[in-house]
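These are the residues of each chain, in order.
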Amino acid sequence: MTKPTQPNTSLDLKDFFSAAEARSDRWHQLNAAGRAWEAAVAQGQPEDRLHADAVRLLAEIAPLESYWAYPGPRLMAAVGEAIEQRNAGVLARLTQKISSALITGSYRQDVAAWDPLQDGDTPPELLVPEAYPGEGHKPYFEVLVVTPNDPSHWERSRAELRRLRRPEDPFVYEVVQVGTFEDAVLGAIFNTNVQAVVIHGGILFRSRHDMPVMRDFLQRHISIDPASTAPGELAVALARALKNVRPELDIYLLTDRAVEQLAGSEEAAPLRRIFHSVEEIMEIHLAVLDGVGERYETPFFGNLKKYAQRPIGTFHALPVARGKSIFRSNWIRDMGHFYGANLFLAESSATTGGLDSLLEPTGNIKKAQEMAARAFGATRAYFGTNGTSTSNKIVVQALCKPGDIVIVDRNCHKSHHYGLVLSGAQPYYVEAFPLTQYSMYGAVPLRTIKKALLDCKAEGKLDRVKVVDLTNCTFDGHMYNPKRVMEECLAIKPDLIFLWDEAWFGFARFSPFHRRRTAMGAAAALAARYRDPAYRDAYKSYAAKVAALGSNTAPLLDMALMPDPDKVRIRVYQTNSTHKSMSALRQGSMILVWDEDFHHVEGPFEEAFFTHTSTSPNLQVIASLDVARRQMELEGYELTLKATELSLRIRREVNSHSLIARYFRVASAADMIPAEFRASKLADYGPPHSTWKDVIEAWNDDEFALDPTRLTLICGAAGFDGTQFKNLLAERFDIQLNKTSRNSVLIQTNINNTRSDAALLIKVLSDLSREIEQRLAQGGVTERAAFAARVKSLMTDVPDLPNFSRFHAAFRDNAKAVSNEGHMRAPFFMAYDEANCEFIKLASKEIDDRLKNGPELVSANFVIPYPPGFPIMVPGQVLTAETIAFMRKLDVKEIHGYHAAHGLKLLTPAALAARGAVGRDA
Ligand SMILES: Cc1ncc(COP(=O)(O)O)c(C=O)c1O
């Protein structure tokens, strides 16, 4: 028998992150209610309560549905009638149809999905709207029309626009109408299908739906003050508000105002086009298609597809191009069948014939990069085909030369350290806050960075500090507040350059929540801030306050610093592994630039790009970067919200599960970020910990925030160390993950994950918890004692994380300086000469003796254990008792740069003595 629904125990709409997810949940509930009601009727049971459930659920859904084209007025009316006429069977059928159309997205192609009277699947030949016979798949989207017209005319306007469809249109769209400013914002927030907004002049402000939950959604995204906006300006104010939430949207204005004047004004910046009067309806239709077409266009991928279809004879390298050596082979034909012919047809080592050169782009790669810059909010974008490992080296080498100082998180990815070796710049290592309990690091406090800058200033070498190099977000999900970091650093050195390694965070641009924490989002916000006359006024009083401090710089560490608007330069570089968070092939990476002084570094940037970029870049990787950009510009908003929603579901489910939570836990914001960096006191996501308003405030202002999509799952309390648990998940359950710590594993949700993936994970954790319970119950005292000891060793007896000690005096320009920068390239290359090196076993007494009595132990190379993945030793670093203690406690198998059989590779005291005093560019 169908179980009755229990709507009262379901999640409240306001707890949802993504309204689209809330919506499919609600339709599912209404369908379950309909089925329960139908079953009750069939069995002659009372139906009033079930009818009331359906009425209530529909009342909740109906206002939400007014923001989507599907199911639309016809289906909604049919559902309402079914409830009103107490026809449970029809209700169950209609809600089933709607629910599955929403989940599968079939309404985008299936005309039958829109018709209350049609049942079942539509034959494939009808899977396109009838207006386009014979056409293949046409992407579907929705256009939000904001109109002051009476809703009774809406159907007619929709029909009018539908009549404009032509077979040659590349896309198909449906129209959703709303009447007010608030409804338009809600429509753009809720409806992930919306790609374009047409705003008519004369709209009103307040929504006709007065649901508190909608207000909650509104507050999450924008603060609106209707009182301060003149009615005539509401339309452009709306355009601005919409761009704030979804910068990718095309916005059109239809107005009676003097369009010529408006078109040239600053106000018009968020508008794609302005139309005068409604007569231009065909123009609007074409403009809408054109706007979406511009985002859909993938210049390089498009060209590559064309290239693959041409009969081309190749007389260059790359025998796999065209695939003849493969498909004709007696022995490797299976490779061809596995990958398919297109892979080989789309291969070439030529840069002609419609293909461009990544090294000197002038055609479609150039265009694709410009489109990427637009999409990611940068002024320039460069594609990389060898991962962010290489992108980081390119940027470091482009910006730094020997003798420059780079303030860099010691815990950053090794590509930065190697980049510094290559460029000859001196790292000034700054420490992230430690999370000793999980054997990992957080991020570098702003105070630490400011102190490093002020120390350099005090020592007269601020001019040599070129770059601040940080990882945002960190592997474990610590998001900086890049706006604040850059603002305060620029107050100390107004032309400082920032490299933000956003390897994991490329997707963040497309989430209205995460965007505020991205490098490019911050660059745009700061550029606007320093242009604002109000900032100048604020700066004047700030400057007077700072002048009053005189030479006492100590208070600067704890006050909010402001840069001089006349001197400040916004110079921001971001690298992202597009392949890590978007649909690019492995190694697809981008360098995004917002640098007001790029002309100063253009030459070095080119050199660095040439240094590190293969002369045979993989065309498929380039094409996938182009396509990944297309996807994010068209559906990044939906996908990133869904991935975030999913991560919140997993967090909630694991931490509130009566069995799982005994052994496993997803670390909360409070676990991952010490209270001193969370002024908001936000401890965790979702009720009962926080509302969405709290989250927005925290993400706006806190020094660090936790990206919810990166879940540190603590498995130590279940008796597993990270590596062991990772292997168990892979071997027994086919669940793959990447990063581990001593007592945790990192679960990442991205745009590829589904609720089924979440269910799989929850099921596995629940099965494992049950197994542990059973083992402990059946194993008796001995088993329980052994388990407790194991848990204690993993969760309590954790080794202290060693800070960077210092460079040996032989690699310091001034060994007495407070700032810790040193030459790293010199010791790196000294180690190439075997005579300069010695090996000492880690466990040997000699190590302890040298620690006590000298001579100092100085590392000859990088030593990077996995996990945690940061260099415990760098070339030229003096080893301390803490470093050795950590190394001795390490129980991981993979330690790059260290071979237990040989021992630690050190520079000999004689070699160090021979080096003597050093010069800056050594
Ligand atoms: C912070 C960070 N930066 C850069 C990289 C390197 O990126 P890629 O794998 O694209 O070379 C990684 C890889 O894990 C990383 O974690």
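What counts and what doesn't
- Residues numbered from 1 in each chain as written.
- Predicted model: local features only at pLDDT ≥ 70, side-chain atom pairs only at ≥ 80, totals over all residues.
- Heavy atoms only, no water.
- Core = buried A, V, L, I, M, F, W, Y, C linked by side-chain atoms within 4.5 Å.
- Buried < 20%, exposed > 50% of the residue type's maximum accessible area, 1.4 Å probe, protein only.
- Helix = DSSP H or I, 4+ residues; strand = E, 2+ residues; numbered from the N terminus.
- Contact = heavy atoms within 4.5 Å.
- Pairing = 2+ DSSP bridges.
- Axes fitted to C-alpha atoms, helices over the stretch in contact; angles between N-to-C directions.
- Salt bridge = Lys/Arg side-chain N within 4 Å of Asp/Glu carboxyl O.
- Patch = residues over 30% accessible without salt bridge, like charges linked within 9 Å, V, L, I, M, F, W, Y side chains within 5 Å.
- Areas by Shrake-Rupley, 256 points an atom, 1.4 Å probe, with all protein chains shown as cover.
- Near = heavy atom within 4 Å.
- Polar contact = N/O pair within 3.5 Å; in protein donor to acceptor, adjacent residues only side chain to side chain.
- Expected span 1.5 Å × (residues − 1).

(A) Up close: the nonpolar core. Core analysis: the biggest nonpolar cluster contains 237 residues, and I199, Y573, M887 and L904 have the highest contact counts within it. A total of 10 residues in this core trace back to one element, the largest contributor, which is helix α24 (residues 619–656). Ignoring sequence-local partners within four residues, the contact set of L904 consists of E838, F839, I840, L842, I847, M873, L879, I884, M887 and Y898. One finds I650, F725, A758 and V764 within the second-largest nonpolar core, a separate group that totals 30 residues.

(B) Inspection of the sheet that holds strand β8 (residues 426–430) at higher detail. Reading across from one edge, β6-β15-β14-β13-β11-β7-β8 is the order of the 7 strands in this open sheet, with mixed pairing throughout. The outermost strands of the open sheet, each flanked by one partner alone, are β6 (380–384) and β8. Averaged over all pairs of adjacent strands, the angle between their axes in this sheet comes to 20 degrees, without regard to strand direction. Bridge analysis of strand β13 (residues 497–501) against strand β14 (residues 571–576) gives 4 bridges, and the strand direction is parallel. Bridging from a neighbouring strand, F498 pairs with V572 of β14. Where helix α15 (residues 364–376) meets the sheet, its contacts fall on β6 and β15 (589–595), and the angle it forms with β6 comes to roughly 120 degrees. The sheet strands contacting helix α17 (residues 414–423) are β7 (405–409), β8, β11 (465–471) and β13, and the helix crosses β7 at an angle near 165 degrees.

(C) Up close: the pairing of strand β18 (residues 710–714). Summarising burial for β18: 5 of the 5 residues are buried, a large majority. As judged from the 2 bridges shared by strand β16 (residues 665–666) and β18, these two strands associate in the antiparallel manner. Bridged to R665 within β18 is I714. For β18 and strand β19 (residues 744–748), the ladder comprises 5 bridges, and the chain directions are antiparallel. Along β19, the bridge assignment pairs I714 with S744.

(D) Here's a closer look at the sheet that holds β19. Read across the sheet, 3 strands follow the order β16-β18-β19 without closing on themselves; strand pairing throughout is antiparallel. The open sheet terminates on both sides in strands that have one partner only, identified here as β16 and β19.

(E) The pattern of salt bridges, seen in detail. Overall, the coordinates contain 58 salt bridges when judged by the stated rule. Here R374 and E294 are joined by a salt bridge, their closest N and O atoms 3.9 Å apart. Residue R374 is located in helix α15, and its partner E294 is located in helix α10 (residues 281–296); the two are separated by 80 residues in the primary sequence. On the basis of relative accessibility, which here comes to 33%, the residue E294 falls in the partly exposed class.

(F) View of a nonpolar patch on the surface. The grouping of W331, I332, M335, F338 and Y339 at the surface amounts to a nonpolar patch, some 640 Å² of accessible area in total. The topology assignment puts Y339 in helix α13 (residues 333–339).

(G) Looking closely at the site of the ligand. Taken together, G387, T388, S389, N392, H413, T471, D501, A503, W504, S577, H579 and K580 are the residues near the ligand. D501 places a polar side-chain atom, nitrogen or oxygen, 2.6 Å from a nitrogen atom of the ligand. A distance of 2.8 Å is found between an oxygen atom of the ligand and a side-chain nitrogen or oxygen belonging to W504. The fraction of the free accessible surface of the ligand (390 Å²) that becomes covered by protein chains is 85%. Among the elements of the structure, α16 (387–399) and α22 (578–581) are those that each provide at least two residues to the shell around the ligand. The element that contributes the greatest number of residues to the shell around the ligand is α16, accounting for 4 residues.

(H) Representation of the environment of F475 within the structure. Mapped onto the fold, F475 is located in the loop between β11 and β12 (478–479). Spatially, the C-alpha atoms of F475 and K905 are 28 Å apart, while their sequence positions differ by 430 residues.

(I) Broad picture of unusual backbone geometry. Here the bond from N472 into C473 is cis, since omega is -10 degrees, no more than 30 degrees from zero. Along the chain, C473 turns up in the loop between β11 and β12. The amide bond that connects G854 to the next residue, P855, takes the cis arrangement and shows omega of -5 degrees. Mapped onto the secondary structure, P855 falls in the loop between α30 (845–853) and β21 (864–866). A positive phi angle, close to 55 degrees, is found at D734, a residue other than glycine. Looking at where D734 falls in the secondary structure, it is placed in the loop between α27 (722–733) and β19.

(J) Fine view of the pairing of β11. The buried fraction of β11 is high, at 6 of 7 residues. Looking at chain direction, β7 and β11 are connected through 4 bridges and run parallel. Within β11, the position partnered with V406 by the bridge is V467.

(K) Layout of the side chain of D455. Take D455: it is sitting in helix α18 (residues 446–458). For D455, a relative accessible area of 15% translates into the label buried. Those residues in contact with D455 that sit more than four places away from it in its chain are Y428 and V818.

(L) The arrangement of the environment of D463 in detail. Of note, D463 is situated in the loop between α18 and β11. Placed 354 residues apart in sequence, D463 and Q109 show a C-alpha to C-alpha distance of 61 Å.

(M) Spotlight on helix α1 (residues 19–42). The first and last C-alpha atoms of α1 sit 34 Å apart over 24 residues, in line with the 34 Å expected at 1.5 Å per residue. Within α1, 19 of the 24 residues are buried, which leaves the element mostly enclosed by the surrounding structure. The first or second residue beyond α1 is G44, which carries a positive phi of 70 degrees.

Keep in mind these numbers describe shape, not what the thing actually does.
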